[in-house]
Amino acid sequence: MTPMVASSLAQDEPSGLEPTDIWSEDYSNEIFPWAPESDRDRQFKEYHTYETTKALMLQLEQENPDIFEFHEGLLGGVNARGETVTADTYEGWYYGYSSPWMKITGDVQNGEYNEFVGDNGNYADRHDVMIVGNHHAREWMSYTVALMQLEVIAFSYNNIGYDNDGDGLVDEDPWGDANNDGILDDDGDCLALATSPTNYQDSNGDGTNCGPGDLGVDEDYSEQFITDLINTREIYLIPMLNVDGNIYDREVFCPAPAWESCPSGGWRKNLRNNGPDLLPDFNEEVDEDCDGVDLNRNYQFEWGAPLGATVPLIPGTCTPSEDEQAGIANNDVYTGPYDTQDNDGDGLINEDNVDGEDDDNDGRTDEDWAGGNSEPETRFIQDLTEMNDDVGNGASEFKSTLTHHSYSELILYPWGHCTDCETTDHDQLVYHGDKLAEMTDYTNMQSSDLYPTTGDFCDWHYGVHGSYCYTSEIGTAFHQHEDDIDHIAVRNLGTGFYMAEIADNPRERADLGIANISQNQFIQMPDMVNIPSIGSIPVDMCVANGFAYSLEKSVSHVMYRTVQPTRLQSDYGPKEWSTTEWSMAMFEETTSTCNLLNGENGTVIRSNLPVEDTVSGQVHYKAMLGTLGGGDLYLYPANGEYYVLEVDYRADYGTLFGALFMFFLVTSFVWGGLAICLRMMLVDENEKEFSEAVLEDGD
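Residues numbered from 1 in each chain as written. Predicted model: local features only at pLDDT ≥ 70, side-chain atom pairs only at ≥ 80, totals over all residues. Heavy atoms only, no water.

Trainee: How should I be thinking about the packing of helix α4 (residues 141–156) against helix α13 (residues 493–501) in this particular structure?
Mentor: For any two helices packed against each other, one specifies the crossing angle of their axes together with the interaxial distance. Close contact between α4 and α13 brings their axes to 9 Å; oriented N to C, the two are set at 70°. By the angle between their directions, the pair α4 and α13 is classed as roughly perpendicular. As α4 packs across α13, the resulting crossing turns out to be right-handed. Mapping the contact onto sequence places Met148, Gln149, Val152 and Ile153 in α4 and Leu493, Gly496 and Phe497 in α13. Taken together, the residues of the contact of α4 with α13 break down into five nonpolar, two polar and no charged. (Axes fitted to C-alpha atoms, helices over the stretch in contact; angles between N-to-C directions. Helix = DSSP H or I, 4+ residues; strand = E, 2+ residues; numbered from the N terminus. Parallel < 35°, antiparallel > 145°, perpendicular 65-115°, else oblique. Left-handed = near helix turned anticlockwise from the far one by under 90°. Contact = heavy atoms within 4.5 Å. Nonpolar A, V, L, I, M, F, W, Y, C, P; charged D, E, K, R; others polar.)

Here it is in structure tokens:
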């Protein structure tokens, strides 16, 4: 087997090493490469505030205008429900800020412009993913993970082949278990560390050796893979949805060091004034016993179900919690007010709640809701979701969504509103949830198995828009200790990239994964490629019979490039080739069959690489497959890697006449040159004899 560049094979390290024996000093000391050691918030040694969050996003946009576009709220207009809204609609009740967010895609300043959303970079052939942090104000790690994803994207885009841990190898340890051997430490560097007296294998102190978040685990991901994702996806990343609540929690309700004073407490909701106020409130202070709405109980799908939240007893009034007698008057899971409008204009109200059914039997579905999406923050999510229609089919573009929360070390999937129930996509949701849980060493479970909810983000996104949606419950406290910020953020970093990867068609990806189809396909390795004496070089792909591949060149092709490496490039690999352009060669069907990696029969599709006969050096190649169902970015080999094929000069002299011509031409040069040399030698000898004779006569 010919090894690929950027191999993910384990390093052959002896056991019992110190961190500095393997890695760079910066990596050993958990210093990230995108900021100076003294910059504590960018080094994730302390929490960002709203102000520093916004400042960081603006800075990253300024430094990376080709992939980042910063926004706050939406511009507004007439939304998908026929409502006229403005930018003010999305401003927080109390402090007046809209949620900051980043649009991320390659060449973000081009593409289509969305007048309602206000963003550029809308491409019909790119798949959209939404990632949201900080629904709940006190859950500080939830926006921290999103900010680290921004930093990693900015640092990694087109920074191909970066050696993240400084061990001299690149791209050898991607997120998750790349080798499918049950070990997350794919390159073996964490496992090579000494375990006593200091257990370096458990650098994060969670009791698990070489697990997610430990040094040397999933630390050397592929920058090419991240670059491919950014160029084929549109990522809508909203780190801090609940700006109002976050500011209030940090500055008033539970200021730092919150991890000491209230690690498991804090302000949860936004700052809606639930009133009614019988007397004027000249100071406009927050009523902590009554104000605020739980944003993750305020989405419209199955809003107001009698599980997991509290609806207002009287429309428009505060509903105190059942624990008021115990001195806990604030109701943390208040759903927000009832909707009192006749949304469909039939003279009735609240007769057709959002549940996917025609409750009033009038031929329309979900058109007169009882409540939900009453808050600036949830209306922002609703309108961003429903007004993001790149292809013009009236449907949301988001097929995968992720919302970060804390805490419990869980991955949750729908349903949340009902117990003893399953979605029609249950097995597929479990499949992707297991992948997310593998990366984090969290527990994957249905949301309602933790506790039932009503009107939460994932039930709404899945129930209304069919988006595969997951909730990550990060860490072990609402206000995680400062010392834990960096390694917990690292532990959860891969989840956002995974959700971006499956944004093309998550159900199809799950079906192919469950059936063990996509992972058993392969492209020919270099020692299997037959290089002809003349013409294009055929490279075969073995495809499973259950994989509905597309032959559309834009989604199914072999990427290749020809290079003549220097000694340095041969030794160190892809970083030296990061600016070398790739070409694209389409696949063609054949009648040949092949054996998949699991031994089952497959079909051969072939790509003929138009490599010139005069090329001498290397051909780098890799494949991407797309499906008839709209899937893309099935990469072979995986994780942005590529194979290297050694190619010798193959050009001959062409026709017989050309060969004879070249023979006589070469012969004439050789023999003619030889004759000239002999003549020069004879002339020189004659001149020497003549000179000697002259000298003798002179004597």
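Don't stop here, the text continues.
Trainee: What should I look at first to understand helix α8 (residues 376–386) in this one?
Mentor: Helical periodicity: at 3.6 residues per turn, an α-helix aligns residues three or four positions apart in one direction. Burial of α8 is extensive: ten of the eleven residues sit out of reach of the surface. Of the positions making up α8, those classed as buried are Pro376, Glu377, Thr378, Phe380, Ile381, Gln382, Asp383, Leu384, Thr385 and Glu386. (Buried < 20%, exposed > 50% of the residue type's maximum accessible area, 1.4 Å probe, protein only.)

Trainee: Would you explain the side chain of histidine 135 in this entry?
Mentor: Tracing the backbone through its elements, the reader meets histidine 135 in the loop between β5 (127–133) and α4. Once residues lying within four places of it in the same chain are set aside, the contact partners of histidine 135 are Leu241, Asn242, Arg268, Leu295, Asn296, Tyr299, Thr403, His405 and Phe457.

Trainee: In this structure, what is going on with the state of the cysteines? I would like to understand it.
Mentor: What the rule picks out here adds up to five disulfides. Bridging cysteine 542 to cysteine 594, the disulfide has an S-S length of 2.0 Å. Between cysteine 542 and cysteine 594 the sulfur-sulfur dihedral comes to about 95°; the bridge is accordingly right-handed. Within this pair, whereas cysteine 542 is found in strand β12 (residues 537–544), its partner cysteine 594 is found in strand β15 (residues 588–595), the two being separated by 52 residues in sequence. Cysteine 594 matches cysteine 542 in its accessibility class, with the two residues each being buried. (Disulfide = S-S within 2.5 Å.)

Trainee: For this particular structure, what's the right way to read the sheet that holds strand β4 (residues 100–104)?
Mentor: Sheet strands pair via backbone hydrogen bonds, and the direction of the pair is either parallel or antiparallel. On the basis of which strands lie adjacent, the open sheet formed by eight strands has the order β1-β4-β6-β5-β7-β10-β8-β9 and mixed pairing. Looking along the sheet, the strands with just one partner apiece sit at the ends: β1 (68–72) and β9 (443–446). Recorded for the sheet is a direction-independent mean angle of 20° between the axes of neighbouring strands. Looking at chain direction, β5 and strand β7 (residues 398–405) are connected through six bridges and run parallel. Residue valine 132 lies in a different strand from β7, and its bridge partner there is threonine 403. (Pairing = 2+ DSSP bridges.)

Trainee: Got a minute to help me understand helix α6 (residues 243–253) in this structure?
Mentor: Most of α6 is tucked away: eight of the eleven residues are buried. Restricting attention to buried positions, one finds in α6 the residues Val243, Asp244, Gly245, Asn246, Ile247, Tyr248, Asp249 and Arg250. Contacts from the buried residues of α6 go to α3 (50–63), β4, α4 and α8.

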